[in-house]
Amino acid sequence: MSLTIVRLYHDLLGTYGDQGNAEILMHRAKARNLDVQLVEVTPGMAVPRSGDIYLLGGGEDGPQSAALEMLKQDGGLQYAAAGGATVLAICAGFQIIGESLPDSSGNAVAGLGLVDAHTIYDASPRSVGELVIQPSRGGLPMLTGFENHQGLTRLGEDMPPLGLVQSGVGNGFSKQEGVWHGNIFGTYMHGPALARNPELADAVLQCAAGPMRPFNDPLADAFAKERRQTLTGN
Ligand code: GLN
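Residues numbered from 1 in each chain as written. Predicted model: local features only at pLDDT ≥ 70, side-chain atom pairs only at ≥ 80, totals over all residues. Heavy atoms only, no water.

J.: When you look at the packing of helix 1 (residues 20-30) against helix 6 (residues 198-209) in this model, what are you seeing that I'm missing?
T.: Helix-helix packing is described using two parameters, namely the angle between the two axes and the distance between the axes. Packing of helix 1 against helix 6 leaves a shortest axis separation of 10 Å and a crossing angle of 75°. Regarding the angle of helix 1 to helix 6, the classification is roughly perpendicular. Together, Ile24, Leu25, Arg28 and Ala29 of helix 1 and Pro198, Ala201, Asp202, Val204 and Leu205 of helix 6 make up the contact between the two elements. Of the residues that constitute the contact of helix 1 with helix 6, the class distribution is seven nonpolar, no polar and two charged. (Axes fitted to C-alpha atoms, helices over the stretch in contact; angles between N-to-C directions. Helix = DSSP H or I, 4+ residues; strand = E, 2+ residues; numbered from the N terminus. Parallel < 35°, antiparallel > 145°, perpendicular 65-115°, else oblique. Contact = heavy atoms within 4.5 Å. Nonpolar A, V, L, I, M, F, W, Y, C, P; charged D, E, K, R; others polar.)

Structure, rendered in structure tokens:
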């Protein structure tokens, strides 16, 4: 089976190293003998409509607004998501795939509407630090990441979060963190999130490629365990 991973605008949305999520997915896909290719989409390029996994990362407000406008005009990501493509969107990317978010001047603008989520900026201090969440499905263990955001994101009632916050801020409402709706994942976890959480990487891969055999990568597992133990004592 072949798998196409589309990394969107990492020159705009790569401030926090989230572009590394593509490398982790490729590494873990190849370990399952999947034929995997990475398509790098830079500003001005058309977004392919037939990708299997689309990746968006985090960034500053200005580049985030620019990325949102380009994605709105292009329409390729929305088309692919409507057809069931898998999406992993981090921080600014998570805000972009929601219904509304502040633009670089702080005015609310429409997002891509892939998930029912509304991001606001309020007077609270910026959320910066380690984040630990407990997912409620997918057999996922405690996940860890690093958050750094001003925006707070309220999910619609029918939107399942990715997990519940054990420590840190996350979405900032009802202890929720991120979203996992169908094949669409959003989270505030940088790290990159998939380097710190190999199980999450496999959940994303399996949405696109179906069930796959376990893959034990001792270095990745030791790293994930170290972060979990240091942050939770478990
Ligand atoms: N600009 C957004 C915020 O501060 C996203 C930040 C990020 O991607 N880390 O909420």
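From this point, things continue past the structure.
J.: Looking at this structure, I do not really get the site of the ligand. What am I missing?
T.: Near the ligand you find 15 residues, and of these Asp61, Cys91, Gln95, Asn148 and Gly151 are the closest. For the ligand, a nitrogen atom lies 3.0 Å from a polar atom in the side chain of Gln64. Contact distances for the ligand include 3.3 Å between an oxygen atom and a side-chain N or O atom of Arg126. Considering the ligand on its own, with 300 Å² of exposed area, one finds that the protein chains cover 99% of that surface. Of all elements in the fold, only helix 2 (61-74), helix 4 (92-96) and strand 9 (143-149) reach the threshold of two or more residues within the shell around the ligand. (Near = heavy atom within 4 Å. Polar contact = N/O pair within 3.5 Å; in protein donor to acceptor, adjacent residues only side chain to side chain. Areas by Shrake-Rupley, 256 points an atom, 1.4 Å probe, with all protein chains shown as cover.)

J.: Would you take a moment to explain the sheet that holds strand 2 (residues 35-41) for this structure?
T.: Within a sheet, each strand pairs with its neighbour through backbone hydrogen bonds, oriented either parallel or antiparallel. With mixed pairing, six strands are arranged side by side in an open sheet as 2-1-3-4-14-13. Both edges of this open sheet fall to strand 2 and strand 13 (179-181), since each of them pairs with a single strand only. With strand direction ignored, the average angle separating the axes of adjacent strands in the sheet is 15°. Taken together, the seven bridges between strand 1 (residues 2-8) and strand 2 define a ladder with parallel strand orientation. Bridging across to strand 2, Arg7 finds its partner in Glu40. (Pairing = 2+ DSSP bridges.)

J.: Help me out: how do you make sense of the sheet that holds strand 8 (residues 127-134) in this one?
T.: Taken in spatial order, the four strands make up an open sheet running 9-8-11-12, and their pairing is antiparallel. Both edges of this open sheet fall to strand 9 and strand 12 (176-177), since each of them pairs with a single strand only. With three bridges connecting them, strand 8 and strand 11 (residues 163-167) associate as antiparallel partners. For Ile133, the partnering residue across the bridge sits in strand 11 and is Val165.

J.: Please clarify how unusual backbone geometry should be interpreted in this entry.
T.: Comment: phi is negative for the bulk of residues other than glycine, and the bulk of peptide bonds are trans. In this model, Gly191 is joined to Pro192 through a cis peptide bond whose omega is -5°. You can see Pro192 is positioned in the loop between strand 14 (184-187) and helix 5 (193-196). Its identity as a non-glycine residue notwithstanding, Ser174 has a phi of 50°, on the positive side. Mapped onto the elements, Ser174 comes out in the loop between strand 11 and strand 12. Here the phi dihedral of Lys175 falls at roughly 60°; this positive angle occurs in a residue that is not glycine. With respect to the helices and strands, Lys175 occurs in the loop between strand 11 and strand 12. The exposed category is assigned to Lys175, whose relative accessible area is 54%. (Buried < 20%, exposed > 50% of the residue type's maximum accessible area, 1.4 Å probe, protein only.)

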